[in-house]
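For reference, the chains in residue letters:
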Amino acid sequence: LLVAMSVNDILVQGAEPLFFLDYFACGHLDVDVAEQVISGIARGCELSGCALIGGETAEMPGMYPFGEYDLAGFAVGVAEKSKVITGRDIRHGDAVLGLASSGPHSNGYSLIRKIVEVTNADLDAPFDGRTLGETLLEPTRIYVKPLLALMKEIRVKGLAHITGGGITGNVPRVLPDSVCAVIDAGAWTWPAAFQWLQAQGRVDLDEMHRTFNCGIGMVLVVDAGDAEAATNFLSDRGETVYLLGEIRAREAGQEQAIIV
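Conventions used here
- Residues numbered from 1 in each chain as written.
- Predicted model: local features only at pLDDT ≥ 70, side-chain atom pairs only at ≥ 80, totals over all residues.
- Heavy atoms only, no water.
- Helix = DSSP H or I, 4+ residues; strand = E, 2+ residues; numbered from the N terminus.
- Contact = heavy atoms within 4.5 Å.
- Buried < 20%, exposed > 50% of the residue type's maximum accessible area, 1.4 Å probe, protein only.
- Core = buried A, V, L, I, M, F, W, Y, C linked by side-chain atoms within 4.5 Å.
- Axes fitted to C-alpha atoms, helices over the stretch in contact; angles between N-to-C directions.
- Parallel < 35°, antiparallel > 145°, perpendicular 65-115°, else oblique.
- Nonpolar A, V, L, I, M, F, W, Y, C, P; charged D, E, K, R; others polar.
- Salt bridge = Lys/Arg side-chain N within 4 Å of Asp/Glu carboxyl O.

*Asks:* In this structure, what is going on with the side chain of Ser48? I would like to understand it.
*Replies:* Here Ser48 lies in helix H2 (residues 31-48). Filtering out sequence-adjacent residues up to four positions away, Ser48 remains in contact with Val3, Val7, Pro17, Ile142, Val144 and Lys145.

*Asks:* Teacher, can you tell me more about the environment of Asp128 here?
*Replies:* Within the fold, Asp128 resides in the loop between strand E5 (126-127) and strand E6 (130-131). Residue classification places Asp128 among the exposed positions, given a relative accessible area of 57%. A C-alpha to C-alpha distance of 35 Å links Asp128 and Leu29, two positions 99 residues apart in sequence.

*Asks:* What exactly am I supposed to notice about the nonpolar core here?
*Replies:* In summary, soluble globular proteins display a tendency toward joint burial of nonpolar side chains. With 37 residues, the main nonpolar core has Leu147, Leu150 and Leu159 as its most contacted residues. Of all the elements in the fold, those that place two or more residues in this core are helix H1 (2-11), strand E1 (16-26), H2, strand E4 (95-100), helix H5 (144-153), strand E7 (156-161), strand E9 (216-222) and helix H9 (227-236). When sequence neighbours within four positions are dropped, the list of residues in contact with Leu159 reads Leu11, Val12, Ile85, Leu147, Met151, Val174, Met218, Val219 and Leu220. Counting residues in hydrophobic clusters, the runner-up holds 34 residues, among them Val116, Ile162, Phe194 and Val203.

*Asks:* Please clarify how the packing of H1 against H5 should be interpreted in this entry.
*Replies:* A pair of packed helices is captured by two measures, namely the crossing angle of their axes and the spacing between those axes. At a closest axis distance of 10 Å, the pairing of H1 and H5 adopts a crossing angle of 10°. Here H1 lies roughly parallel to H5, going by the angle between them. Residues Val7, Asn8 and Leu11 of H1 pack against Val144, Leu147, Leu148 and Met151 of H5. Taken together, the residues of the contact of H1 with H5 sort by class into 6 nonpolar, 1 polar and no charged.

*Asks:* Looking at this structure, how should I read unusual backbone geometry?
*Replies:* What is expected of a backbone is that most residues other than glycine have negative phi and most peptide bonds are trans. With phi around 55°, Asn120 is a residue other than glycine that occupies positive phi space. Turning to its location among the elements, Asn120 is positioned in the loop between helix H3 (109-119) and E5. For Asn120, a relative accessible area of 67% puts it in the exposed group.

*Asks:* Looking at this model, I keep getting lost on the pattern of salt bridges. Mind explaining?
*Replies:* Opposite charge on two side chains permits them to pair, given that their charged atoms come into close proximity. With the rule as written, the count across this model stands at 7 salt bridges. Among the salt bridges present, the one from Arg43 reaches Glu46, with a minimum N-O distance of 3.3 Å. Taken together, the residues Arg43 and Glu46, both in helix H2 and 3 residues apart, mark about one turn of the helix. Residue Arg43 is classed as partly exposed on the basis of its relative accessible area of 44%. Between Arg141 and Glu239 there is a salt bridge whose closest N-O contact spans 3.0 Å. You can see Arg141 sitting in the loop between helix H4 (132-136) and H5 and its partner Glu239 sitting in the loop between H9 and strand E10 (241-249), a full 98 residues away along the chain.

This is a description of form; function is not addressed.
Right under this line is the structure:
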């Protein structure tokens, strides 16, 4: 989770993650827990092709309740200045593609916890082939390697990592003021976890779109003529790709990401 969010954020600039550092703080060091945490971080670095070059483990008695710890980290990446993705060349008619998420990723967990609490949901109950808890805590998907490979073959005009704010909150970050992204709500089916959250929490559709990724973890903007090739390229590398919609000229006062 920690590595995934960092490297996916770096990726949207067209940059390659180089290295990651972590900070692990606790009141009393549980070696087994720390080992699991660092192993997970190392696995994330492996998946993203960056190096875990160091970090800090701080043991501070009295600062943290027993069994709790604080975890933070950051990544550094690099890109040629001429190849940084800014979105400035996005035009009317460009295609909007979406890559499937693995779950909620790291966003919306305050609402998830509230829904679980209010409904008294059993996290150990079978759900979609495993338990509900395992489904809701599925690790964040890392998109680095397939997208870096794609950028060498096809021009990617814009990339938006779908974090807090959902599609409607994140896609506008990469768009020029003159255009908007029109997304077809029927282009993909929400994974079971998001359907459960909406039904059990009685969450308004707009709130779902603002809070969760709803099954789309990364959005790409490419030339319409490159959409099929990009889809095939990413699909061959294990990604589930959806043609979400298109870029259109923006009218005065119009939102920049519209789900219809």
